[in-house]
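Working through the structure, step by step
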Amino acid sequence: MAERRRGAALEKALLDAAWAELTDHGYARFTMDAVVKRAGTSPPVLYRRWPDRDELVRATIAHTLRENVLDVPDTGSLREDVLTLMREISATRLQLVTVMSVNLASYYQETGTSPGDLFDPSTTGRKEAVDVLFDRAVDRGEIKPEHLTERIKSLPFDLLRHEFLTTFAPVPDHVLEEIIDTIFLPLVC
């Protein structure tokens, strides 16, 4: 007999099952019953935590983004830190970005939300992680802090996401270098 899951372990199993459903079937075919079945639990267990599928989707996205925060590199230079991080994202996050953008299109339409509403970096811990990278560059004197707006800090990652969504493939290294060298670095140096 399987061990009964409780607390954080149960919640993680439910959210992982919900993510698998979103990945496999998209929001249009996402149901609470499918999550219950995949998680091997009962409907009341799921509905006690999330009363409807929209709340479950939001919780699932936040959970998945928190679990997928990458370590911030410390190579000694802003260029190499951003390039290393973008290479890692390109190599490991294509499915995550695609699901978040494409498989959830009907969610955004139905709920009147946008990807930005779900990608909230302050909720997922991503903002603090990337801020460390920029704080080190300021401390090293590589960039001027007054040039670092939130939009400029997110720019290389926004362009990486754009590449994912236009190619559905990992981004070639020469494209990552072009984003950093010809677009991003001139704005902050």
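To be clear, the structure that these remarks concern was listed above.
Remember, it's a predicted structure, so these values are computed and weren't measured experimentally. (Residues numbered from 1 in each chain as written. Predicted model: local features only at pLDDT ≥ 70, side-chain atom pairs only at ≥ 80, totals over all residues. Heavy atoms only, no water.)

Describing the pattern of salt bridges
Put simply, the rule reads: Salt bridges are defined as contacts in which a side-chain nitrogen from Lys or Arg sits within 4 Å of a carboxyl oxygen from Asp or Glu. Secondary structure elements are taken from DSSP: a helix is a run of H or I of four residues or more, a strand is a run of E of two residues or more, and numbering for both begins at the N terminus. For each residue, the accessible area found with a 1.4 Å probe, counting protein chains only, is set against the maximum for its type, and the residue is called buried under 20%, exposed over 50%, and partly exposed in between.
If you walk through the whole model with that rule in mind, you get 17 salt bridges. Here Arg53 makes a salt bridge to Glu110, at a shortest N to O gap of 3.4 Å. Within this pair, whereas Arg53 is found in helix α4 (residues 53-67), its partner Glu110 is found in helix α7 (residues 105-111), the two being separated by 57 residues in sequence. With a closest N to O distance of 2.6 Å, Asp173 and Arg87 form a salt bridge. Here the residue Asp173 occupies a position in helix α12 (residues 173-188), and Arg87 occupies one in helix α5 (residues 78-92), the gap between them amounting to 86 residues. A relative accessible area of 33% places Asp173 in the partly exposed class. Through salt bridges that share partners, Asp74, Asp81, Arg136, Arg140 and Glu142 make up one connected network.

So, the packing of aromatic side chains
For the record, the criterion: Stacked, tilted and edge-to-face are the three classes assigned to paired rings of Phe, Tyr and Trp, where Trp is represented by its six-membered ring and a pair needs centres within 6.5 Å; plane angles under 30 degrees give stacked, over 60 edge-to-face, the rest tilted.
What the rule picks out here adds up to 3 aromatic pairs. A centroid spacing of 5.1 Å and a plane angle of 80 degrees characterise the contact between Tyr27 and Tyr107, whose relative ring orientation is edge-to-face. With Tyr27 in the loop between α1 (7-25) and α2 (32-39) and Tyr107 in helix α7, this residue pair connects regions lying 80 residues apart in the sequence. The burial state of Tyr27 is the same as that of Tyr107; both residues are buried. Ring geometry for Tyr107 against Tyr108: centres 5.8 Å apart, planes inclined by 70 degrees, an arrangement best described as edge-to-face. Judged by its relative accessible area of 1%, Tyr107 falls in the buried class. A residue is classified by how much of its surface remains accessible, and Tyr108, at 9% relative accessible area, is buried. An aromatic cluster is built from Tyr27, Tyr107 and Tyr108, whose rings are joined through pairwise contacts.

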